[in-house]
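Each chain, letter by letter, is given below.
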Amino acid sequence: MTTAGHTIELAIEGMTCASCVSHVERALLRTPGVTAASVNLATERAAVTAPGVAPAALIEAVENAGYDAALASSGQEQTDRERENRAAEIAALRSDVVLAAIGTLPLLVLEMGAHLYAPFHHWLLGTFGEQPIRLISFVLATLVLFGPGLRFHRKGWPALVRLAPDMNSLVAVGAAAAYGYSLVATFAPEWLPENARFTYYEAAAVVVTLILLGRLFEARARGGAGEAIRRLLTLGAKTARVIRDGQEQDIAIEAVQVGDIVSVRPGEKIPVDGVIVEGASHIDEAMITGEPIPASRRVGDSVIGGSVNGVGAFRFRAARVGADTLLAQIVQTVQRAQGAKLPIQATVDRVTLWFVPAVMALATLTFAAWLTFGPSPALTYALVNAVAVLIIACPCAMGLATPTSIMVGTGKAAELGILFRRGEALQQLRNATVVAVDKTGTLTRGKPELTDIEALPGFAADDLLPLVAAVESRSEHPVAAAIVAEARRRGFAIPETAGFAAEPGYGVSAQVAGRTVQVGADRYMRKLGLDPAPLADAAARLGRDGKTPLYAAVDGRLAAILAVSDPIKPTTPAALDALRALGLRIVMITGDNRATADAIARRLGIDEVVAEVLPTDKAAVVARLQNDGAAKVAFIGDGVNDAPALAQADVGVAIGAGADIAIESADVVLMSGNLAGAANAIALSRATIRNIRENLAWAFGYNVVLIPVAAGALYPAFGILMSPMFAGLAMAFSSVSVVANALRLRGFRPVLREAEPAAPTGAHRPDAAGAVA
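Here, residues in each chain are numbered from 1, in the same order as that chain's written sequence. Two thresholds apply to this predicted model, a pLDDT of at least 70 for residue-level local features and 80 or more for giving and counting side-chain atom pairs, whereas whole-chain, interface and lining totals are computed over all residues. With hydrogens and water set aside, each side-chain value is computed from the structure's full complement of heavy atoms.

Colleague: When you look at the overall build of the protein in this model, what are you seeing that I'm missing?
Modeller: Within the protein, the regular secondary structure consists of 26 helices and 28 strands. Categorising residues by exposure relies on relative accessible area from a 1.4 Å probe, with only protein chains included: less than 20% of the type maximum marks a residue as buried, more than 50% marks it as exposed, and the intermediate range marks it as partly exposed. Split into buried and exposed, the 773 residues of the protein put 55% on the buried side. Pairs of residues are marked as contacts when any of their non-hydrogen atoms sit within 4.5 Å. Counting only contacts in the protein whose residues sit at least 6 apart along the sequence, the fraction spanning at least 24 positions is 71%. Surface summary for the protein: the accessible area is close to 31500 Å², and the carbon and sulfur share equals 59%. Secondary structure follows DSSP: runs of H or I at least 4 residues long count as helices, runs of E at least 2 residues long count as strands, and numbering of each begins at the N terminus. All accessibility values rest on the Shrake-Rupley procedure with a 1.4 Å probe; residue burial counts only the protein chains present in the view.

Take a look at the structure:
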């Protein structure tokens with residue numbers, strides 16, 4: 001999307017370092033009407049909050065700052081265009097590197113070879129003479145500096161004139177200083193002291209070549225950082241098979257309309273979101289939800305565009321098309337998160353804003369110090385060390401340290417079915433010390449199911465279940481619906497009933513197949529004159545497990561005890577174990593009664609239970625947890641009923657959101673509805689922030705250590721000086737190493753990856769456990 005409310009997204013071209021980011025941001029913020037601007041070097045995008053400001057004014061402001069801009073979008077077309085631009089950039093850099101190397105290698109042979117091997121030096125002088133060699137070096141250096149190296153001058157000098165120097169300015173000034181000094185030594189040597197008439201053509205050419213090579217590696221690596229988005233976009237189908245005028249027609253995906261009936265054959269991609277109206281299949285939704293096991297889908301179930309059909313065939317009615325599909329929303333969400341700035345970035349921005357001017361001032365100071373206090377020839381030492389300082393500085397690494405890690409981390413999260421709706425949540429989730437979880441739909445399935453049926457002697461469970469279901473089919477109670485659903489799931493026919501009667505607070509009764517069937521609480525059995533004592537042990541056991549027991553009587557005889565509960569998801573225990581292993585304290589917040597909540601907590605090993613809480617009061621419980629020891633709280637809920645608590649928490653995590661990812665109160669959405677995603681999200685958050693800290697430590701540490709070395713700090717004690725060529729190599733290596741370190745996040749392994757079985761836990765599973773929602 002190019003705009004979202006008052007936010008406009010721009011694609012920026014021409015940025016090379018953190019200073020560029022600062023200059024573009026300042027140019028945008030100076031535009032009347034702009035209230036906020038955030039520029040990301042890794043994604044090369046700007047998010048601008050500008051109510052009432054025309055995009056053309058923002059583009060003009062960026063262009064006046066020396067960069068190119070255009071409205072950005074999140075679709076396949078924009079991504080293809082960005083890929084083409086990236087490929088063109090890499091091709092141009094590759095061509096420039098080759099040309100620069102062709103000119104630089106002979107220079108290295110002429111200059112460095114002569115210094116390293118005396119016989120070769122004497123041969124050159126004897127064969128060609130000193131001045132012809134200098135003229136050859138001049139031609140080669142000129143070709144390199146004003147051929148492949150022209151890009152640095154085109155951007156660097158104008159930026160310097162605007163008093164907004166960037167990395168291009170450092171390279172341009174450094175290379176020009178070495179080149180200019182060499183020109184004087186070649187064509188007007190009398191202007192220099194006799195002992196200072198040296199040339200540094202090779203230094204200027206090598207610096208340009210190495211920095212071009214570094215940018216080539218960096219561009220290729222940065223291209224890999226956005227691989228997750230490209231993989232998501234390739235999920236989309238190009239065409240759809242719709243039913244129109246009674247005939248199947250293949251049409252472009254853009255032509256599909258809401259309400260169209262779409263036909264899907266085995267092995268095909270599902271083109272858009274919709275609801276199955278005919279047929280059934282198993283569908284691989286792994287790239288959308290992160291769940292590796294194909295999901296069973298039948299009539300009435302939703303399907304997601306971009307997922308892959310299995311062996312079945314079906315038809316569905318299109319419900320969401322174009323930008324409204326889940327896949328399109330995921331792409332937009334991930335791109336917004338990738339373009340975000342973390343709180344940790346604020347310090348980096350403050351430093352980099354003044355970094356390049358500070359480096360230029362330090363280079364000037366270095367030149368003056370060596371010229372005043374340096375050994376003979378002082379001018380030569382002053383020039384070489386000042387150029388080394390200009391070249392060694394690397395705001396590129398600083399600018400890439402945070403956004404590249406965010407880009408890779410949020411992309412990896414999307415592959416695991418975790419959507420960071422706000423990039424800041426990456427850092428906040430890492431700081432969480434307490435995880436507060438809603439029970440219903442988070443720890444449990446979210447709807448009651450019949451989990452147990454135990455018959456007394458003289459009765460069979462399979463005979464009783466259809467009778468009980470027949471009576472309960474006349475009731476609207478959720479517990480009744482659970483019993484009927486289980487009977488149907490087992491394939492039982494539901495008999496007709498007569499004389500149905502309900503006694504509120506007690507139970508229900510009816511005539512079924514000529515038999516009197518009564519179902520209700522223990523007090524109902526006593527009211528009927530039946531003693532529930534024979535089932536007392538079973539009732540106590542089920543109660544301890546947090547299940548709701550019901551009794552059934554047939555023809556005036558106590559027949560069985562049934563238990564209905566909201567079963568714990570099979571993945572929940574392992575997910576909670578993973579959260580505990582991450583050092584988190586787990587608190588369950590539920591509206592259930594204390595006994596039921598305690599039963600769940602005992603089974604799952606939950607640290608603290610807050611029971612009998614109204615949905616409107618959950619936010620207050622989260623606030624209390626935050627105030628206890630200033631804990632950072634992540635609240636995990638269903639994203640709908642728990643909106644106040646999700647908003648109150650330091651990080652709100654919505655689970656089980658299915659196809660609705662636009663939950664405004666949540667910071668993170670777990671697409672699979674699996675609590676395991678929460679443990680993976682926290683682990684990935686910690687890995688990403690750790691990766692950012694590593695990058696920043698390297699970027700800042702590199703400059704703190706090597707800039708003084710380049711200035712000559714080691715010379716008085718050890719006689720060590722840094723060559724401008726080595727400075728250029730180190731600078732290129734710094735940027736590439738930061739991007740390479742960020743790309744390691746693509747290898748992140750989830751702490752837990754367990755798919756929930758497609759079939760629900762049923763009454764035939766006596767070990768199924770849970771509690772009423």
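Colleague: It is not clear to me how a negative patch on the surface should be interpreted in this structure. Could you clarify?
Modeller: On the surface, Glu13, Glu60, Glu63 and Asp68 cluster together into a negatively charged patch. Within the fold, Glu60 resides in helix H2 (residues 55-64). Two joining distances apply to patches: 9 Å for like charges and 5 Å for nonpolar side chains (Val, Leu, Ile, Met, Phe, Trp, Tyr), and every residue must have over 30% relative accessible area and no salt bridge. Salt bridges are defined by distance alone: a side-chain nitrogen of Lys or Arg within 4 Å of a carboxyl oxygen of Asp or Glu. Only four residue types enter the tally: Lys and Arg on the positive side, Asp and Glu on the negative side; His and the chain ends are excluded. Taken as the charge centre is NZ of Lys, CZ of Arg, CG of Asp or CD of Glu, depending on the residue.

Colleague: Can you walk me through the sheet that holds strand E14 (residues 314-320) in this structure?
Modeller: Note: strands within a sheet are paired through backbone hydrogen bonds, in either parallel or antiparallel orientation. Pairs of strands are assigned from DSSP output, requiring at least two bridges between the strands. Pairing is antiparallel in the open sheet, where 6 strands are placed in the order E7-E6-E8-E14-E9-E12. Edge positions in the sheet fall to strand E7 (247-252) and strand E12 (302-303), since each has one partner strand and no second. Sheet analysis places strand E6 (residues 239-244) next to E7, joined by 6 bridges and oriented antiparallel. Residue pairing across strands places Arg241 opposite Asp250, the latter belonging to E7.

Colleague: How do you make sense of the sheet that holds strand E15 (residues 418-420) when you look at a structure like this?
Modeller: One open sheet holds the 7 strands; their spatial order is E15-E27-E26-E25-E16-E23-E24, and the pairing between them is mixed. Unpaired on one side and paired on the other, E15 and strand E24 (608-610) mark the two borders of the sheet. Here the strands of the sheet are splayed against their neighbours by 20° on average, with no regard to which way each runs. Examined bridge by bridge, strand E23 (residues 585-589) and E24 share 3 bridges and lie parallel to one another. Within E24, the residue paired with Val587 across the bridge is Glu608. On the sheet, helix H21 (residues 594-604) packs against E23 and E24 and is oriented at approximately 155° with respect to E24. Note on geometry: axes are C-alpha line fits, over the in-contact stretch for helices, and angles between N-to-C directions span 0 to 180 degrees.

Colleague: Even after reading the chapter, I still don't get the nonpolar core, so can you show me in this structure?
Modeller: Across soluble globular proteins, nonpolar side chains show a tendency to be buried alongside one another. Definition of nonpolar core: a set of buried residues of the types Ala, Val, Leu, Ile, Met, Phe, Trp, Tyr and Cys, connected through side-chain atoms within 4.5 Å. Leu10, Ile12, Met15, Leu28, Leu58, Ile392 and Phe420 are the most contacted members of the largest nonpolar core, which has 141 residues in total. Here the element with the most residues in this core is helix H24 (residues 676-711); it accounts for 18 residues. Counting 22 residues, the second largest nonpolar core, distinct from the first, contains Leu465, Val471, Val508 and Leu550.

Colleague: I would appreciate a short explanation of the packing of helix H13 (residues 378-392) against H24 in the present structure.
Modeller: Any two packed helices are characterised by how steeply their axes cross, that is the angle between the axes, and by the distance between the axes. Here H13 crosses H24 at 165°, and the two axes come no closer than 8 Å. As far as their axial angle goes, H24 and H13 are roughly antiparallel. The crossing of H13 and H24 is right-handed. Counting all contacts with H13, which are made through Asn385, Ala388, Val389 and Ile392, the residues of H24 involved are Tyr702, Asn703, Leu706, Ile707, Ala710 and Ala711. Each angle is binned into one of four classes, with values under 35 degrees roughly parallel, values over 145 roughly antiparallel, values of 65 to 115 roughly perpendicular, and all other values oblique. A clockwise turn of the near helix away from the far one marks a right-handed crossing, whereas an anticlockwise turn of less than a right angle marks a left-handed crossing.

Colleague: I'm lost on the UniProt feature "transmembrane region" (unreviewed entry) in the protein in this one. Help?
Modeller: UniProt positions are given in the numbering used here, feature names are shortened, and annotations may be inferred rather than shown by experiment. The UniProt entry lists residues 97-120, 132-150, 170-192, 198-217, 351-373, 379-402, 696-718 and 724-743 under the feature "transmembrane region" (unreviewed entry), expressed in the numbering used here. As annotated, residues 198-217 has a helix share of 85% and a strand share of 0%, and its two end C-alpha atoms lie 33 Å apart. In residues 696-718, the share of helix is 87% and the share of strand is 0%. The end C-alpha atoms are 29 Å apart.

Colleague: Mind showing me how you'd approach the pattern of salt bridges here?
Modeller: Working definition: two side chains of opposite charge can pair if their charged atoms are close together. Under the counting rule described, the total for this entry stands at 23 salt bridges. For Arg515, the salt bridge goes to Asp555, with nearest N and O atoms at 3.3 Å. Taken together, the positions of Arg515 in strand E20 (residues 515-520) and Asp555 in the loop between strand E21 (548-554) and strand E22 (557-567) put the pair 40 residues apart, joining distant regions of the chain. You can call Arg515 partly exposed: its relative accessible area is 34%.

Colleague: So what exactly am I meant to see when it comes to the packing of aromatic side chains here?
Modeller: One pair of aromatic rings is described through two measures. These are the centre distance and the angle between the planes. Ring geometry is summarised as follows: Phe, Tyr and Trp rings, the Trp one being its six-membered ring, pair when their centres sit within 6.5 Å, and such pairs are stacked at plane angles under 30 degrees, edge-to-face over 60 and tilted between the two. Applying the stated criterion across every chain, the model contains 10 aromatic pairs. Here the aromatic cluster, defined as three or more aromatic residues joined through ring pairs, consists of Phe138, Phe146, Tyr179, Phe187 and Tyr201. Comment: the charge-over-ring label is applied if NZ (Lys) or CZ (Arg) is within 6 Å of the ring centre and within 35 degrees of the ring normal. One Lys or Arg, Arg523, reaches over the ring of Tyr506 and ends 6.0 Å from the middle of that ring.

Colleague: Just checking my understanding: could you explain helix H7 (residues 167-187) for this structure?
Modeller: Spanning 21 residues, H7 covers 30 Å between terminal C-alpha atoms, matching the ideal 30 Å at 1.5 Å per step. The buried fraction of H7 amounts to 15 of the 21 residues, a majority that puts the element mostly inside the structure. Between the first and last residue of a helix there are one fewer steps than residues, each counted as 1.5 Å, and that sum is the expected span.

Colleague: Please clarify how the pairing of strand E10 (residues 281-284) should be interpreted in this entry.
Modeller: The two faces of the sheet receive side chains in turn, since in a regular strand these alternate between them. Here E10 shows one buried face, formed by Ser281 and Ile283, and one open face, formed by His282 and Asp284. Where E10 and strand E11 (residues 295-297) come together, 3 bridges link them in antiparallel fashion. Paired with His282 across the bridge in E11 is Ser296. Both E10 and strand E13 (residues 308-309) contribute to a ladder of 2 bridges, which runs antiparallel. Opposite Ile283, over in E13, you have Asn309 as the bridge partner.

Colleague: Looking at this structure, I do not really get the confidence of the model for the protein. What am I missing?
Modeller: Interpreting fine coordinate detail is not advised for predicted regions of low pLDDT. Chain-level statistics for the protein give a pLDDT mean of 82 and a share of 87% at 70 or above. Every residue gets a pLDDT, meaning the predictor's confidence in that residue, from 0 to 100. Counted against residues more than four places away or in other chains, residues 754-773, with its pLDDT under 50, gives 75 contacts.

Colleague: Looking at this structure, how should I read the packing of helix H20 (residues 572-581) against H24?
Modeller: Two elements in contact, H20 and H24, have axes whose closest approach is 8 Å; the angle formed by their N-to-C orientations is 20°. Put simply, H20 runs roughly parallel to H24. In the packing of H20 onto H24, the handedness of the crossing is left-handed. Each of Ala575, Ala578 and Leu579 in H20 lies in contact with H24, whose residues at this interface are Ala676, Ala678, Ala679 and Ile682.

Colleague: What is the right way to read the environment of Val48 from this model?
Modeller: Structurally, the position occupied by Val48 is in strand E4 (residues 45-49). Considering only alpha carbons, one finds Val48 and Ala37, 11 residues apart in sequence, at a separation of 4.4 Å. Residue contacts for Val48: discarding those within four places in its chain leaves His6, Thr7, Ile8, Leu10, Leu28, Val34, Ala36, Ala37 and Leu58.

Colleague: Looking at this structure, how should I read the pairing of E4?
Modeller: Bridge count for strand E2 (residues 7-13) against E4 is 5 bridges, and the pairing is antiparallel. Looking at E4, one finds that Leu10 is bridged to Ala46. By the bridge criterion, 5 bridges tie strand E3 (residues 36-40) to E4 in an arrangement that is antiparallel. By the bridge assignment, Ala36 is partnered in E4 with Thr49. Between the antiparallel neighbours E3 and E4 lie 4 residues, among them Glu44 with a positive phi of about 55°.

Colleague: Could you clarify how one ought to interpret unusual backbone geometry in this entry?
Modeller: Apart from glycine, the bulk of residues carry a negative phi angle, and the bulk of peptide bonds sit in the trans form. Of note, the amide linkage connecting Ser376 to Pro377 takes the cis form, showing an omega dihedral of -5°. By the secondary structure assignment, Pro377 is in the loop between helix H12 (345-373) and H13. Its identity as a non-glycine residue notwithstanding, Asp245 has a phi of 55°, on the positive side. Mapping Asp245 onto the fold places it in the loop between E6 and E7. On the basis of relative accessible area, Asp245 is assigned to the exposed category, the value being 78%. The backbone of Asp555 sits at a positive phi, close to 55°, despite the residue not being glycine.

Colleague: Quick question: what am I supposed to make of the environment of Ser475 here?
Modeller: Its place among the elements puts Ser475 in the loop between helix H16 (461-472) and helix H17 (478-489). Separated by 26 residues in the primary sequence, Ser475 and Ala501 have C-alpha atoms spaced 9.7 Å apart. Discounting chain neighbours no more than four positions away, the residues touching Ser475 are Ala480 and Phe500.

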